[in-house]
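Fold and geometry: a report
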Amino acid sequence: MDSPFDSEETDTPFSPPPQPAQPVRLSTSTFSAIPQSAVPAIDFRASLNDEQYAAVTAEPGPLLVLAGAGSGKTRTLTYRVAYLLSKGVRPGEILLLTFTNKAAKEMLHRVNDLTGVEPNRFWGGTFHSIGHRALRMFGEDIGLPKNFTILDADEAESLLKQTVDAESKGFFKDKTNPKPGPLFNVISLSRNTQLPIGDTIEKYFPQYKDIAYLIPPFAVAYEKKKREQNVCDYDDLLEYWLRLLQKSPSVTQYFSERFRHILVDEYQDTNTVQAQIVDCIATHHRVMAVGDDAQCIYSWRGADFENIATFMDRHPGTAIHRIETNYRSTPEILNFANRILDAQPHRRAELAKELRAARGHGMRPQVVQTMDDREQADFVIRRIRCLVDEDGVSPSEIAVLYRSHFVAMEMQLALSRAGMPYHITSGVKFFERQHIKDIVAFVRFVYNPADELAWQRIACLLPKVGEKSAQKIHAVAREHAALMRQDLIAVLETDDVKTKVPKGALDDWPSFCASLSEVAETMRAAPPAKAFDMAVNGWYGDYLRGAFADYIDRLEELKALVGFASRYETMQDLLAQIVLLNGETSDRQVDPDAEAIKLTTVHQAKGLEYDVVFVIGVADGYFPGRRAIEDGDVEEERRLFYVASTRAKNELYLCYPKVATRAGPGGMLLEPSRFLKEIDASLYDILKPPRRSYW
DNA sequence: CCTGCATGGCTTTTT
DNA sequence: GCCATGCAGG
């Protein structure tokens, strides 16, 4: 049972002396009082308020922390980690689970600042990335070969599409049937909620009631395909992890003995699988779940804030801590935000929190009405200039938030025109760029030749090769390889295989195959970055030169990818991170350290705070989104609006254009968001910026 | 079977 | 005003 992570906790200067193994027990005991001199002494009492202090220093055991927005939830969590360390708990005994990569990074960074303990000494990260680690260690116990690869959302969807096409020829031809995307969502949601597909459809997708019976076989076939190709989709990382824990007592024992303390951030956003995973590992009940039902914004992915309510049933003797003092926002912003929740049709009384403002007064939120997108962007830019130049606000303390990516389009253009540097956590991500995905697929195929999606991607780059030819080539190569007991890549150049290669592709074929072999060779002997380097310099390099006019720029990015790869020691880890870190934004920025304002979706802004926040597109149809309105369920959108508003510390601007220029049929008139209309007008000011002269 | 053109349909949010 | 899918040609 060797883990590549084991060494990390044992040989660093901060490690306390080894402790005798302690029996797992329901913890009524206090912490073992082993002095921890390496971690700097922290005055917990002075650094925290009463509520936070109580939670941070609570006896080990099930803890539920109900923490409102801006009440210092992350602070509580990070200090809890520091407190555990100060009591002699080793970093390797702490498991820290979050939802987004950003949150994980932020948390571990803060712990590092506080205690000096390096982030990589904890097991901390998203459920998915920790699931991947678990599968990497124990996947073979449930029949998952160790070189499995991970499909991103597009690839998974396309595999499902191919599966369904193969199972039932005309399914997608019939327009009344769900398309691959929605179909994937149905299956995914059923897996994440652990509900049978029939129940899932009844509950969440009644429009598919009539064809519900068709879907379970598709799900089964899809699962089979994934196994054949030795690939996992995102949901597998959670489901297989759970299955592993349920099927193998020794694995469960390993995790629960190893992670004597479990902390879960944003517990309101756990879905059934995630909650079950936590419960399985936390047989010792030393688990701290931190959450706020008002900020549950992932229910479309199966998140169920009822998990908070049932936590105490699943972990008897739960101590509940409420943290209700808000240090972040001015009372004006907080009043406004509280009213958003007041308008909720049904509130859970037992979860309700009353946020108290701790700060002095500031300005009321400003509702900004402009003609169109363009004026909206102009307003934001002019206001930012003013804030930065005259009020001395740092650009990095300013954020522009929106419900969905497309709302930010005009904003991006305007910022570029104005020469104002910005970070954007949306749009086409670095790892989603074509050439990046190509080269990753190239390497991924070498690593796992059963991965047909990776194969299709690279094979289709050859002239005259499309999906069908790619499939045929792969099939014949697979057969041949099995027959000859040889590597799949080694048989690609045999005549049998070549008969399936279209004429137009034969010119490229030898160098294509040679490059694959070279990469395979490198992968066996050298660190992963070398294999990437080899791939870039081989056949793909030639292809790139011919296929793209901006060849130089793209090559530059591929070199950056090689640089990224050099941070990883194993191919498995590297390839997984590329899929899972689906974040690393393609900042159009030259200097990454330059002070830049931030553009992000509300989802990605969760947990973060800024001096000044602009929410753009606060109009019905945008926020709440059109879809949510049509489905008659805007409650999640309301929580999202609450999350957006509570990101602001000093100033909050809610902007909307009166005319929709781009979206919809065009020229449509927009109403202010219903969430604005629900709020007493005395709680905000209305601002109508003068029309800008255009010459 | 692949590729190019035209029409229709449409837009969450993240791992 | 965009992208993806559908149809005709090679």
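Keep in mind that what you see is a predicted model, and the values were worked out from it rather than measured. (Residues numbered from 1 in each chain as written. Chains lettered and ligands numbered in written order. Predicted model: local features only at pLDDT ≥ 70, side-chain atom pairs only at ≥ 80, totals over all residues. Heavy atoms only, no water.)

Turning next to the overall build of chain A. In terms of helices and strands, chain A carries 30 helices and 19 strands. Looking at chain A as a whole, 57% of its 695 residues are labelled buried. When contacts within chain A are restricted to residue pairs at least 6 apart in sequence, those whose partners lie at least 24 apart make up 78%. Carbon and sulfur atoms form 52% of the exposed surface of chain A, whose accessible area is close to 29900 Å². (Helix = DSSP H or I, 4+ residues; strand = E, 2+ residues; numbered from the N terminus. Buried < 20%, exposed > 50% of the residue type's maximum accessible area, 1.4 Å probe, protein only. Contact = heavy atoms within 4.5 Å. Areas by Shrake-Rupley, 256 points an atom, 1.4 Å probe, with all protein chains shown as cover.)

Axis angle and axis distance: for two packed helices, these are the angle between their axes and the distance between the axes, and together they describe the pair. Close contact between helix H17 (residues 434–447) and helix H26 (residues 571–580) brings their axes to 11 Å; oriented N to C, the two are set at 140 degrees. For the element pair H17 / H26, the angle class is oblique. The interaxial crossing formed by H17 with H26 has left-handed handedness. Residues Val 440, Val 443, Arg 444 and Tyr 447 of H17 lie in contact with H26, whose contacting residues are Met 571, Gln 572, Leu 575 and Ile 578. Classifying every residue of the contact of H17 with H26 by side-chain character gives 6 nonpolar, 1 polar and 1 charged. (Axes fitted to C-alpha atoms, helices over the stretch in contact; angles between N-to-C directions. Parallel < 35°, antiparallel > 145°, perpendicular 65-115°, else oblique. Left-handed = near helix turned anticlockwise from the far one by under 90°. Nonpolar A, V, L, I, M, F, W, Y, C, P; charged D, E, K, R; others polar.)

Between Phe 623 and Pro 624 the backbone carries a cis peptide bond, its omega angle lying at 5 degrees. Secondary-structure assignment places Pro 624 in the loop between strand S15 (610–615) and helix H28 (626–630). You will see that Gln 194, though not glycine, has its phi angle at about 55 degrees, which is positive. In this structure, Gln 194 sits in the loop between helix H7 (180–193) and helix H8 (197–204).

The full set close to DNA strand B counts 25 residues, and Arg 301, Arg 403, His 405, Ser 469 and Asn 582 are the nearest of them. His 128 has a polar side-chain atom sitting 3.4 Å from a sugar or linking oxygen of DNA strand B. Sorting the residues of the surface near DNA strand B by element identifies helix H19 (467–484) and helix H27 (602–605) as the ones contributing at least two each. Counted by class, the surface near DNA strand B contains 6 nonpolar, 13 polar and 6 charged residues. (Near = heavy atom within 4 Å. Polar contact = N/O pair within 3.5 Å; in protein donor to acceptor, adjacent residues only side chain to side chain.)

Residues His 261 and Leu 263 of strand S6 (residues 261–264) are buried on one face, and the alternating residues Ile 262 and Val 264, pointing to the opposite face, are buried as well. Here S6 pairs with strand S7 (residues 287–291) via 3 bridges, running parallel. Bridged to Val 264 within S7 is Ala 289. Traced from S6 through helix H12 (residues 272–281) to S7, the parallel crossover comes out right-handed. (Pairing = 2+ DSSP bridges. Right-handed = clockwise from strand over helix to strand, strands pointing away.)

What follows deals with the domain arrangement of chain A. The domains assigned to chain A are domain 1 (44–140 + 237–323), domain 2 (152–229), domain 3 (366–421 + 591–687) and domain 4 (432–582). Relative to domain 4, the C-alpha centre of domain 2 lies at a distance of 29 Å. Domain 2 puts 8 residues into the contact, and the matching count from domain 4 is 11 residues. Here domain 2 is connected to domain 4 by 2 salt bridges. Between Glu 155 and Arg 444 there is a salt bridge, with its nearest N and O atoms 3.1 Å apart. The dominant element in the side of domain 2 that touches domain 4, judged by the number of residues it contributes, is helix H6 (residues 153–167), at 5 residues. (Domains from an automatic or database assignment. Salt bridge = Lys/Arg side-chain N within 4 Å of Asp/Glu carboxyl O.)

On to the sheet that holds strand S3 (residues 123–126), then. In space, the 6 strands of this open sheet follow the order S3-S2-S6-S7-S1-S8, with parallel pairing throughout. Each edge of the open sheet carries a strand with a single partner, namely S3 and strand S8 (319–323). Each neighbouring strand pair of the sheet contributes to a mean axis angle of 15 degrees, computed without reference to strand direction. Here strand S1 (residues 63–67) pairs with S7 via 4 bridges, running parallel. Bridging across to S7, Val 65 finds its partner in Val 290. Packing of helix H13 (residues 306–314) onto the sheet brings it into contact with S1, S7 and S8, and relative to S1 it is tilted by some 155 degrees.

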